[in-house]
Amino acid sequence: MAIQQIKDRHYTQALEGYTGEIMAVGINYDRDDANKHHGCVIERVVK
């Protein structure tokens, strides 16, 4: 879900002039979970 939000809101547009590699990192967690389980997804952004 976090990675999709990065894509939907076009957050990487702020880096248009950047010539290096861009990685999107999304961390999801369930605040209602007493154990605070979380997940992490890392994706390379293709320009």
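Predicted model, so just to flag it, every value in this text is computed and none were measured. (Residues numbered from 1 in each chain as written. Predicted model: local features only at pLDDT ≥ 70, side-chain atom pairs only at ≥ 80, totals over all residues. Heavy atoms only, no water.)

Student: Please clarify how the overall build of the chain should be interpreted in this entry.
Tutor: Tallying secondary structure elements over the chain gives 1 helix and 2 strands in all. Listing each helix as α and each strand as β along the chain from the N terminus yields α-β-β. On the principal axes, the C-alpha backbone points of the chain span a range of 40 × 20 × 10 Å. Counting only residues that meet the buried cut, the chain has 15% of its 47 residues in that class. The long-range share in the chain, meaning contacts at least 24 apart out of those at least 6 apart in sequence, stands at 25%. Accessible surface, the chain as shown: approximately 4,200 Å² in total, 52% of it carbon and sulfur. Side-chain charges of the chain comprise 6 positive and 7 negative groups, with the mean position of each set lying 3 Å from the other. (Helix = DSSP H or I, 4+ residues; strand = E, 2+ residues; numbered from the N terminus. Buried < 20%, exposed > 50% of the residue type's maximum accessible area, 1.4 Å probe, protein only. Contact = heavy atoms within 4.5 Å. Areas by Shrake-Rupley, 256 points an atom, 1.4 Å probe, with all protein chains shown as cover. Lys, Arg positive; Asp, Glu negative; His and termini not counted. Charge placed at Lys NZ, Arg CZ, Asp CG, Glu CD.)

Student: How should I be thinking about a nonpolar patch on the surface in this particular structure?
Tutor: Together, M23, V25, I27 and I42 make up a nonpolar patch on the protein surface, roughly 380 Å² of accessible area in all. Looking at the nonpolar patch, the element that brings in the most residues is strand 1 (residues 22-29), giving 3 residues. A residue is classified by how much of its surface remains accessible, and V25, at 45% relative accessible area, is partly exposed. (Patch = residues over 30% accessible without salt bridge, like charges linked within 9 Å, V, L, I, M, F, W, Y side chains within 5 Å. Salt bridge = Lys/Arg side-chain N within 4 Å of Asp/Glu carboxyl O.)

Student: What should I look at first to understand the pattern of salt bridges in this one?
Tutor: Scanning the entire structure with this criterion turns up 2 salt bridges. Between E21 and R44 there is a salt bridge whose closest N-O contact spans 2.3 Å. You can see E21 sitting in the loop between helix 1 (2-8) and strand 1 and its partner R44 sitting in strand 2 (residues 38-45), a full 23 residues away along the chain. R44 carries the same exposure label as E21, and that label is exposed.

Student: How should the layout of surface pockets be read in this particular structure?
Tutor: One simple way to see leftover space: roll a probe sized like a water molecule over the atoms. The space that makes up the largest pocket amounts to roughly 150 Å³. Forming the walls of the largest pocket are I3, I6, K7, H10, Y11, T12, Q13, A24, E43, R44, V45 and V46. Only helix 1 and strand 2 provide two or more residues apiece to the lining of the largest pocket. Split by residue class, the lining of the largest pocket holds 6 nonpolar, 3 polar and 3 charged. (1 Å grid on protein atoms, 1.4 Å probe; cavity = no way out; pocket = protein on both sides within 12 Å on 5 of 7 lines; lining within 4 Å. Points joined across faces, edges and corners; volume = space filled by probe spheres on them. Nonpolar A, V, L, I, M, F, W, Y, C, P; charged D, E, K, R; others polar.)

Interpretation note: all reported values are geometric properties and have no functional meaning in isolation.
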